[in-house]
Amino acid sequence: MSLVVEHLSKKFGEKVAVEDLSFEITKPGVFAFLGTNGAGKSTSIRMILGMLSRDSGTVTWNGAPLDIMKEQVGYLSEERGLYPKYNIIEQMFYFASIKGMKKKEAAPAIDYLFSRLRIDEYRKMRAEQLSKGNQQKVQLAAALLCNPQIIILDEPLSGLDPVNADLFKSVIREERDSGKYIIMSSHQMETIEEFCEDLVLLHRGKVVMQGNLNDIKRERGRENLTVKADKPFMEIAERCGLTLVEETPNGSSFKVRSEEDAGKMLKEMIDSGINVIKFDLREPSLHELFVEKCGGDVNED
Amino acid sequence: MKTKGWKEVFGFTFNQHIKTKSFIISTVVIALIVALIAFLADFLPVLLLNDEIDKAERAAKGENIFTVETLYICNETDIPLSFDAFASASGIALKELTHDEAQAKIAEIADTTERAVVSVITSANGVLSVESKYSGGESLVDKGDCSALSSSIASGVRAQYLVHLGVSEDNVAAAMADVRSHVSSAGEEPVSEIQMILNAVVPMISSIVLFIFIFSYSQLVAQSVAIEKSSRIIEYLLTSIKPLAIIIGKVLAMCCVSLLQFIIIGAGGVLGFVISLPFGIVSKASALAGTVMAEGTASGAVDFVNDVGAAFSGVDATVFIVMILSFILGFLFFAGLAGLAGASISKMEDLSSAIQPISIIGVLGFYLAYFPQVTGEENTMSMVARYLPISSPFILPADYLLGKADIVQTIISIVIMAAADAVVMMLVARVYEAIILHTGNRLKLGDMLKMSK
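Scoring rules and cut-offs
Residues numbered from 1 in each chain as written. Chains lettered and ligands numbered in written order. Predicted model: local features only at pLDDT ≥ 70, side-chain atom pairs only at ≥ 80, totals over all residues. Heavy atoms only, no water. Helix = DSSP H or I, 4+ residues; strand = E, 2+ residues; numbered from the N terminus. Buried < 20%, exposed > 50% of the residue type's maximum accessible area, 1.4 Å probe, protein only. Contact = heavy atoms within 4.5 Å. Areas by Shrake-Rupley, 256 points an atom, 1.4 Å probe, with all protein chains shown as cover. Lys, Arg positive; Asp, Glu negative; His and termini not counted. Charge placed at Lys NZ, Arg CZ, Asp CG, Glu CD. Pairing = 2+ DSSP bridges. Axes fitted to C-alpha atoms, helices over the stretch in contact; angles between N-to-C directions. Patch = residues over 30% accessible without salt bridge, like charges linked within 9 Å, V, L, I, M, F, W, Y side chains within 5 Å. Salt bridge = Lys/Arg side-chain N within 4 Å of Asp/Glu carboxyl O. Core = buried A, V, L, I, M, F, W, Y, C linked by side-chain atoms within 4.5 Å. Domains from an automatic or database assignment. Arc of directions from axis to C-beta. Polar contact = N/O pair within 3.5 Å; in protein donor to acceptor, adjacent residues only side chain to side chain.

1. As for the overall build of chain B
Now for step 1: Across its full length, chain B holds 18 helices and four strands.
Now for step 2: Counting across all 453 residues of chain B, residues that qualify as buried make up 43%.
Now for step 3: In chain B, the share of contacts with a sequence separation of at least 24, taken over all contacts with a separation of at least 6, comes to 74%.
Now for step 4: Just so you have it, chain B exposes about 22200 Å², and 64% of that area is on carbon and sulfur atoms.

2. Structural notes on the overall build of chain A
Now for step 1: Counting secondary structure elements, chain A contains 10 helices and 14 strands.
Now for step 2: For the C-alpha atoms alone, the extent of chain A along its principal axes is close to 75 × 45 × 35 Å.
Now for step 3: Expressed as a percentage of its 301 residues, the buried residues of chain A come to 51%.
Now for step 4: Long-range contacts, defined as pairs at least 24 residues apart, comprise 69% of the intrachain contacts of chain A with a sequence gap of at least 6.
Now for step 5: For chain A, the exposed area adds up to about 14200 Å²; of that, 47% sits on carbon and sulfur atoms.
Now for step 6: Charged side chains of chain A number 41 positive and 48 negative; the gap between the two group centres comes to 5 Å.

3. A short note on the sheet that holds strand S4 (residues 56–61) of chain A
Residues and elements named next belong to chain A.
Now for step 1: Strand order in the open sheet formed by four strands is S2-S1-S4-S5, with antiparallel pairing between adjacent strands. Two strands close off the open sheet at either side, each with one partner strand: strand S2 (15–25) and strand S5 (64–65).
Now for step 2: As paired strands, strand S1 (residues 3–12) and S4 are joined by five bridges and run antiparallel to one another. Bridged to leucine 3 within S4 is tryptophan 61.
Now for step 3: The strands touched by helix H1 (residues 41–48) within the sheet are S1, S2 and S4, with S1 carrying the most contacts at an inclination of about 120°.

4. Some points on a nonpolar patch on the surface
Now for step 1: A surface patch of nonpolar side chains, amounting to about 640 Å² of accessible area, comprises Ile24, Ile25, Val28, Val29, Leu32, Ile33 and Ile37 of chain B.
Now for step 2: Among the structural elements, isoleucine 33 of chain B can be located in helix H2 (residues 21–48).

5. Observations regarding the nonpolar core
Now for step 1: Grouped together as the largest cluster of nonpolar side chains are 153 residues, with contacts concentrated most on Phe23, Met92 and Phe95 of chain A together with Tyr432 of chain B.
Now for step 2: The residues contacting tyrosine 432 of chain B, other than those within four sequence positions of it, are Val225, Ile234, Pro243, Ile246, Ile247, Gly339, Leu340, Ala343 and Leu427 of chain B.
Now for step 3: Judged by nonpolar contacts, the second largest core, of 18 residues, contains Val68, Leu71, Ile121 and Ala148 of chain B.

6. Overview of the domain arrangement of chain B
Now for step 1: Examined at the domain level, chain B breaks down into domain 1 (6–48 + 193–452) and domain 2 (58–176).
Now for step 2: Distance between the C-alpha centres of domain 1 of chain B and domain 2 of chain B: 59 Å.

7. Structural notes on helix H15 (residues 380–387) of chain B
Residues and elements named next belong to chain B.
Now for step 1: For H15, the complete set of buried residues consists of Ser382, Ala385 and Arg386. Along H15, the residues classed as buried sweep out an arc of 100° about the axis, all on the same side.
Now for step 2: Where H15 is buried, its residues contact helix H14 (351–375), helix H16 (392–401) and helix H17 (407–435).
Now for step 3: Two to three positions downstream of the cap, the backbone nitrogen of methionine 381 sits 3.2 Å from a side-chain oxygen, assigning the N-cap of H15 to asparagine 379.

8. Quick notes on the environment of serine 218 of chain B
Residue and element names in this part refer to chain B.
Now for step 1: Within the fold, serine 218 resides in helix H8 (residues 193–230).
Now for step 2: Measuring from C-alpha to C-alpha, the distance between serine 218 and serine 258 comes to 9.5 Å, with 40 residues separating the pair along the chain.
Now for step 3: Those residues in contact with serine 218, other than ones at most four positions away along the chain, are Phe331, Phe334, Ala335 and Ala338.

9. So, the sheet that holds strand S7 (residues 150–154) of chain A
All names here are of chain A.
Now for step 1: With mixed pairing, six strands are arranged side by side in an open sheet as S6-S7-S8-S3-S9-S10. Because the sheet does not close on itself, it has two edges, and the strands there are strand S6 (73–76) and strand S10 (206–212). Across the sheet, the axes of successive neighbouring strands diverge by a mean angle of 15°, strand direction being ignored.
Now for step 2: Against the sheet, H1 touches strand S3 (29–35), S6, S7, strand S8 (181–185) and strand S9 (196–203), its axis set at about 135° to S3.
Now for step 3: Against the sheet, helix H5 (residues 162–177) engages S3, S7 and S8, with an angle of about 145° to S8.

10. Remarks on the domain arrangement of chain A
Now for step 1: Its domain assignment divides chain A into domain 1 (3–217) and domain 2 (222–282).
Now for step 2: Inter-centroid distance (C-alpha atoms) of domain 1 of chain A to domain 2 of chain A is 42 Å.

This is how it looks when you write it as structure tokens:
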């Protein structure tokens, strides 16, 4: 099974919202769909789901055009909502009914999800009586209600406290492990690194980075160096060709041209009798890659 | 395929709405008020005409309805007169007196406790007259009763005089029958006062009620669409159903909710009438129908009910069909437009300004329908109002009920309404889908049409 998105484009008037977006998810897991605010993520997701017409491009699932009326797709949108005045359990049964589930099928699924997400006690309350976090749990339950094969989670962890964020992560992990195809959009790069192997990064509607995260990092090599020592070492760093990025109480961060330059610096520091407290040479983080690709030209909504 | 799932939207919207406190309370309260009005409409005339009805009922049973126990008659004419049948039907004892006896009796009843009337029938210069005297002591006899008896005797004298002159009894009965008088302008059918009142009141009430129902529930469609947009729940719904299915389900559900409320309130009216039936004016008058009333008795009450019955004689199943069709078609028209207004906004606070154009159209339609009803005249305005889809739902049922629109005109008006609904629904299908995910400022009509291209 695979989800293939090819050459998706959308314009609103003269403004290009998404330009030639293509990616493929060939195996179950969590696929990262990243981008700055206003980069075109939500527009792309809406086009994938068929909510929004495409100017061009195709979306196929198992070789056939994806039809959300036939395929069960779970969607937790960034702009979340429930009917504020209506009873939670009745809303869940409604959501189940529009997904084609009978009441008998829906009841055990709701029971399981409500128990799993620890919101059983709220089932008879109105949505407006629930905290934002609990409303978010109800919405995640709604997204997973029909046991969908494809799940799209747009900022699933935003606004959650650490306990509930961990709960959400455990549910996402559970879905991933049960063979679901999950597309996750988030601005929390640590979470993306925790879950995702493959990604696509959008900026101003265009793909600026794409592929396997480990491969991307490997290609870039270990170029970030953080050093902390008991004596000044800036002269050595300059001599070795390192570029200072920032200085913090935890040490000084540098960009290195190659791992050899870093090794040369370490050797010189030791030879100079400097006591090295910290010497951390690592690949760029996703956060750094994101900022590098999009940071210079952020499009604020 | 685009409409798949509309039944689920319909079911959820319908169920959720009829469970709201505002629906339950408003329905119960209005139904009770209507029941009370229906009850009072039937029962109040009984209270107001109580004495007359009581007399009529007693008269129908052959009981004496007067404060007179004995009627003394002195016939001083040459005409042979008999009042036995009248006295027997009225339950009054009858005694015939000579001139002297009559004068003596008049003197006697001036201060006795006998409840009596002495009527002296005379003829002078070809003029017949009845002179009646009633007991004066301690106001034993009601003057009105004496007058009624005297009038009845006078009628009897006239009838028997005609028979005496050779006119057959049947012809006399025909000539003596009550002659009703009506005034109406040339070219118009004469109508009773009750009919005139109903002609003026029914269309106005019908316009107002239809406007309130159609318009308020159309606005609820806009509100419902706006809630789904502003709460962003629409994004979730669209992963399972198409926008067209959502708007169809919502509009039809609201239409049924309003129809349900309409029917419950109507049932309240019927219930109020049914409760009043055992002691209301309709049943009392029905029981008295056919009874020959003495002059001055409850004939007014019977006439009242007969007039009401005649006024509603044109009500049949087709009137209800026209009313329901007008309601549904009018609702679809305004609810479709209201749904677009709701979809044009992203924040609830913009709702009132989005609905404003629909409100203007609705109010304009209402006044187009209402003013011809107030003036009661058939003119160009009333003709336009009958065929214009923004006003015809409010005017057609009353026009058809009162015969202002014949069946052909009614069908034409309904066809125009249906065609207008089809246009609105096609517009909704095209535009709603294009704008439902729009966020940001309120869309104007031009923006909506542009986005839907």
